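Listed below, chain by chain, are the residues.
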Amino acid sequence: DRQFAKNHMWAQPENDGIFRFGFSAYAVRLLQDVYFLDWTVDVDSKLRAQQAIGAVESSKAESELYAPIGGNLVRLNEGLLVDPAMINVDMYGRGWLFEIEGLGDDLLTPVEYIEHLRAVWEIAQRTIKGQLG
């Protein structure tokens, strides 16, 4: 019932062109133990795809968050500001991040996302081994 973005977020169509987004299991596994989340945009902001919209910190990484699609930001999961650990516990449910009204033309099917993960993993392995280039 979901699609995926290349930045490792799932997308669930809601209604009227609105997509709910959250971190994929792959992203949560890489991040491990999210303990801080902050938004740098407000609801009703017009977003461009790949626009910085916030930041996340975990036991493994600090990273900016980027909009997976362009559109209008219609809702933020404000509960995560109080308890970002919900991302770790229920990433496909109560740990959702935000909702964007947009087209979602660049979202991937589950099969396409698995292929993307394979390609990303191969690049990561070459980089780790110093063979990229």
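Residues numbered from 1 in each chain as written. Predicted model: local features only at pLDDT ≥ 70, side-chain atom pairs only at ≥ 80, totals over all residues. Heavy atoms only, no water.

A. Molecular detail of the pairing of strand β7 (residues 62-66). For strand β6 (residues 52-58) and β7, the ladder comprises five bridges, and the chain directions are antiparallel. Bridge pairing links Ala 55 to Glu 64 in β7. Connecting the antiparallel pair β6 and β7 is a turn made up of three residues. (Pairing = 2+ DSSP bridges. Helix = DSSP H or I, 4+ residues; strand = E, 2+ residues; numbered from the N terminus.)

B. Looking closely at the environment of Ala 61. As for its position among the elements, Ala 61 is in the loop between β6 and β7. For Ala 61, a relative accessible area of 28% translates into the label partly exposed. Sequence spacing of Ala 61 and Gln 50 is 11 residues, and the spatial spacing of their C-alpha atoms is 19 Å. The contacts of Ala 61, once residues within four sequence positions are left out, are Leu 31 and Val 56. (Buried < 20%, exposed > 50% of the residue type's maximum accessible area, 1.4 Å probe, protein only. Contact = heavy atoms within 4.5 Å.)

C. Quick look at the environment of Ile 69. Counting through the fold element by element, Ile 69 comes out in the loop between β7 and β8 (71-76). Exposure remark for Ile 69: the relative accessible area of 5% places this residue in the buried category. For the pair Ile 69 and Tyr 35, spaced 34 residues apart in sequence, the C-alpha separation works out to 25 Å. If sequence neighbours within four positions are ignored, Ile 69 has contacts with Phe 19, Phe 21, Arg 48, Ala 49, Ile 100, Gly 102, Gly 104 and Leu 107.

D. Up close: the side chain of Ser 58. Tracing the sequence through the fold places Ser 58 in strand β6. Ser 58 has contacts with Leu 31, Gln 32, Asp 33, Val 34 and Tyr 35, leaving out every residue within four places of it along the chain.

E. Geometry of the nonpolar core. If you look at the biggest cluster of nonpolar residues, it comprises 29 residues, and the most contacted ones within it are Phe 21, Phe 23, Leu 97 and Phe 98. With sequence-adjacent residues up to four places away left out, Phe 98 is seen in contact with Met 9, Phe 19, Arg 20, Phe 21, Trp 39, Ile 53, Pro 68, Leu 73, Arg 75 and Leu 76. (Core = buried A, V, L, I, M, F, W, Y, C linked by side-chain atoms within 4.5 Å.)

F. Main features of the pattern of salt bridges. Under the counting rule described, the total for this entry stands at five salt bridges. For Glu 99, the salt bridge goes to Arg 75, with nearest N and O atoms at 3.7 Å. Placement of Glu 99 in strand β9 (residues 98-101) and of Arg 75 in strand β8 is noted, with a sequence separation of 24 residues between them. Between Arg 118 and Glu 115 there is a salt bridge, with the nearest N and O atoms lying 2.5 Å from each other. (Salt bridge = Lys/Arg side-chain N within 4 Å of Asp/Glu carboxyl O.)

G. Representation of the sheet that holds strand β3 (residues 18-23) within the structure. Taken in spatial order, the six strands make up an open sheet running β1-β2-β3-β9-β8-β5, and their pairing is antiparallel. Every interior strand has two partners, whereas the edge strands, β1 (3-5) and β5 (46-47), have only one. Summarising the sheet, β8 and β9 pair through four bridges and their orientation is antiparallel. If you follow Leu 73 over to β9, its bridge partner there is Ile 100.

From the geometry alone we can't say anything about function, so treat these as descriptive.
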